[in-house]
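Here is what each chain is made of, one letter per residue.
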Amino acid sequence: MNIKSIYILLIIFLTSSTSFNANAQNSRLDRIEDGILLDLAKSRTRPQTEVLMFLSKNYQYIDYSIPVGMFVGGAIGQNKELRQNAAYVASSTLISYGLSAIIKKLVKRDRPFIRNVSITPVYEPTRYSFPSGHTALSISTATALSISYPKWYVIAPSFLWAGATSYSRMYLGVHYPTDVAGGAVLGAGTAASLIFLKKP
């Protein structure tokens, strides 16, 4: 997968997702997604909500501390491979953030609780919905980290954290499943497209 792939992904997102606002809101996909979010809202518990809210509100600290920690560790230990992999993880995360912000402004998909007043969110973000930025960044970081160090003890916790963060966005009622799926593809695609930055 080369750098062109990321632009291809961007085009696919734009052409496939512009229908979110163009189609009638009573489409079959809308009804399915609304149903999923309504079911999740009914199953909320206070302890689970607190955990998932914490993950959702603080994901960026993990996103940014991973490459920073890798770079500092590489600098202290004079480990060039660790420093280069830190640059790879950081680049993947930052580019995922930028692309996510661009796509949000181009697609302009409203949040679930705006499109359907029956959906009650735990809190109300103000930016557009597609794709999920939380998902794009956390999946991008987890993918880049796992590509850099393909060991089960790196892959398992990385994707457990990224998966829980992604799930939290639907649980909290602020993203549709397709927002999360789009963010996951964007994040993983960005990490895969930048693999040339990884230390061989």
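Calculation notes
- Here, residues in each chain are numbered from 1, in the same order as that chain's written sequence.
- Local features in a predicted model are, by the rule used here, given only for residues with pLDDT of at least 70; side-chain atom pairs are given and counted only at 80 or more, and totals for whole chains, interfaces and linings are based on all residues.
- Hydrogens are left out, water is left out, and the side-chain values use all remaining heavy atoms of the structure.
- Axes here mean lines fitted to C-alpha atoms, for a helix over just the part in contact, with angles spanning 0 to 180 degrees between N-to-C directions.
- Helix and strand labels come from DSSP, where a helix needs a run of H or I of at least four residues and a strand needs a run of E of at least two; each type is numbered from the N terminus.
- When describing relative orientation, an angle under 35 degrees is termed roughly parallel and one over 145 degrees roughly antiparallel, while 65 to 115 degrees is termed roughly perpendicular and anything else oblique.
- Each helix crossing is assigned a hand: it is left-handed if the near helix lies turned anticlockwise from the far helix by less than a right angle, otherwise right-handed if that turn is clockwise.
- Contact between two residues is taken to exist if any of their heavy atoms lie within 4.5 Å; hydrogens are not considered.
- Only protein atoms enter the 1 Å grid used here, on which a cavity is any set of points holding a 1.4 Å probe that cannot leave and a pocket is any open set flanked by protein within 12 Å on both sides along at least five of seven lines; residues with an atom within 4 Å of a point are listed as lining.
- Grid points are joined across faces, edges and corners, and a volume is the space filled by probe spheres set on the points.
- Residues are grouped as follows: Ala, Val, Leu, Ile, Met, Phe, Trp, Tyr, Cys and Pro are nonpolar; Asp, Glu, Lys and Arg are charged; all remaining types, including Gly, are polar.
- Salt bridge criterion: a side-chain nitrogen from Lys or Arg within 4 Å of a carboxyl oxygen from Asp or Glu.
- For the exposure calls, accessible area comes from a 1.4 Å probe over protein chains only, and a residue counts as buried if that area is under 20% of its type's maximum, exposed if over 50%, partly exposed in between.
- Think of it this way: a Phe, Tyr or Trp ring, Trp meaning its six-membered ring, pairs with another when their centres are within 6.5 Å, and the plane angle makes it stacked under 30 degrees, edge-to-face over 60, tilted otherwise.

Enquirer: So what's going on with the packing of helix H4 (residues 46-76) against helix H8 (residues 152-171)? Residues and values would help.
Expert: Contact geometry of H4 with H8 gives a least axis separation of 9 Å together with a crossing angle of 125°. The angle between the axes of H4 and H8 places the two elements in the oblique class. Our pair here, H4 against H8, has a crossing hand that is left-handed. Judged by residue contacts, Gln48, Thr49, Leu52, Leu55, Ser56, Tyr59, Ile62 and Asp63 of H4 engage Trp161, Ala164, Thr165, Tyr167, Ser168, Arg169 and Tyr171 from H8.

Enquirer: Kindly report on the layout of surface pockets, identifying the contributing residues and their values.
Expert: Here the largest pocket is characterised by a volume of approximately 260 Å³. Taken together, 17 residues make up the lining of the largest pocket; nearest its centre are Tyr59, Arg111, Arg127, His134 and Arg169. Mapped by element, the contributors of at least two residues to the lining of the largest pocket are H4, helix H5 (80-107) and helix H7 (133-148). It is H4 that contributes the most residues to the lining of the largest pocket, four residues altogether. Partitioning the lining of the largest pocket into residue classes produces five nonpolar, seven polar and five charged.

Enquirer: So what's going on with the pattern of salt bridges? Residues and values would help.
Expert: Across all of its chains, the model carries four salt bridges by this definition. Residue Arg115 pairs with Asp30 through a salt bridge whose shortest N-O separation is 3.0 Å. Taken together, the positions of Arg115 in helix H6 (residues 112-115) and Asp30 in helix H3 (residues 28-42) put the pair 85 residues apart, joining distant regions of the chain. The burial state of Arg115 is the same as that of Asp30; both residues are buried.

Enquirer: Describe the packing of aromatic side chains, naming the residues involved and giving the relevant values.
Expert: Here the distance between the centres and the angle between the planes together describe a pair of aromatic rings. Summed over the entire model, instances satisfying the criterion amount to two aromatic pairs. With a centroid separation of 5.8 Å and 80° between ring planes, the pair formed by Trp152 and Tyr153 is classed as edge-to-face. With respect to class, Trp152 is no different from Tyr153; both count as exposed. Ring geometry for Tyr167 versus Tyr171: centroids 6.0 Å apart, planes at 40°, classification tilted.

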